[in-house]
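Here are the chains, one letter per residue:
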Amino acid sequence: MAMSMVRSGLRTALRSRPPAAAPKRNFSSPAGHDDARETVKWERITYLGIATCTVLAVINLSKPHPHHDPPPPYEYLHIRNKEFPWGPDGLFEMKHH
């Protein structure tokens, strides 16, 4: 029984045609595509973009910009009703001692 199954399998394998070649896969780039040339192109575009952004930033930051006046000293600001544990002044204010 086993021998007949082996013979049947061999006969089928020998009679059948060879498997058809798998279709060629086409990726997103054409066959004549040069990766080195593409890499150099995008490297140059990157450096040009960096230079352009740097120049625009320098131009933008060198323009004069408005300086706002300090707010008026309102009476209700910085009211101290009791001493702070670290002294009479705030932590981040100038000491008047």
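Scroll up to find the structure this text is about.
Because the structure is a prediction, the values reported are computed rather than measured.

### Considering the overall build of the protein chain
No. 1: Along the backbone of the protein chain there are two helices and zero strands.
No. 2: Relative to its 97 residues, the protein chain shows a buried fraction of 3%.
No. 3: For the protein chain, the computed accessible surface area is about 10300 Å², with 64% contributed by carbon and sulfur atoms.

### Description of the pattern of salt bridges
Opposite charge on two side chains permits them to pair, given that their charged atoms come into close proximity.
No. 1: Using the criterion set out here, one finds one salt bridge in the structure.
No. 2: K41 is the salt-bridge partner of E38, the closest N and O atoms lying 3.1 Å from each other. Pair noted here: E38 and K41 are both in helix α2 (residues 35-62), with a separation of three residues, about one helical turn.

### A look at a nonpolar patch on the surface
No. 1: Nonpolar side chains collect at one region of the surface, where Y74, Y76, L77 and I79 lie side by side and expose about 440 Å² of accessible area between them.
No. 2: Mapped onto the secondary structure, Y76 falls in the segment after α2.

Cut-off values and rules
Once a new chain begins, its residue numbering starts again from 1 and follows that chain's sequence as written. Reporting of local features is limited, given that this is a predicted model, to residues whose pLDDT is at least 70; pairs of side-chain atoms are given and counted only at 80 or more, and all residues count toward the totals for whole chains, interfaces and linings. Each side-chain value is derived from all of the structure's non-hydrogen atoms; neither hydrogens nor water enter the calculation. In this text, helices come from DSSP runs of H or I with a minimum length of four residues, and strands from runs of E with a minimum of two, each type numbered from the N-terminal end. For the exposure calls, accessible area comes from a 1.4 Å probe over protein chains only, and a residue counts as buried if that area is under 20% of its type's maximum, exposed if over 50%, partly exposed in between. Computed with a 1.4 Å probe, the accessible areas rest on the Shrake-Rupley method; for each residue, only the protein chains presented here act as cover. Criterion for a salt bridge: a side-chain nitrogen of Lys or Arg within 4 Å of a carboxyl oxygen of Asp or Glu. Patches here: salt-bridge-free residues with over 30% relative accessible area, like charges joined within 9 Å, nonpolar side chains (Val, Leu, Ile, Met, Phe, Trp, Tyr) joined within 5 Å.

Everything listed is a geometric property; what it means functionally is a separate question.
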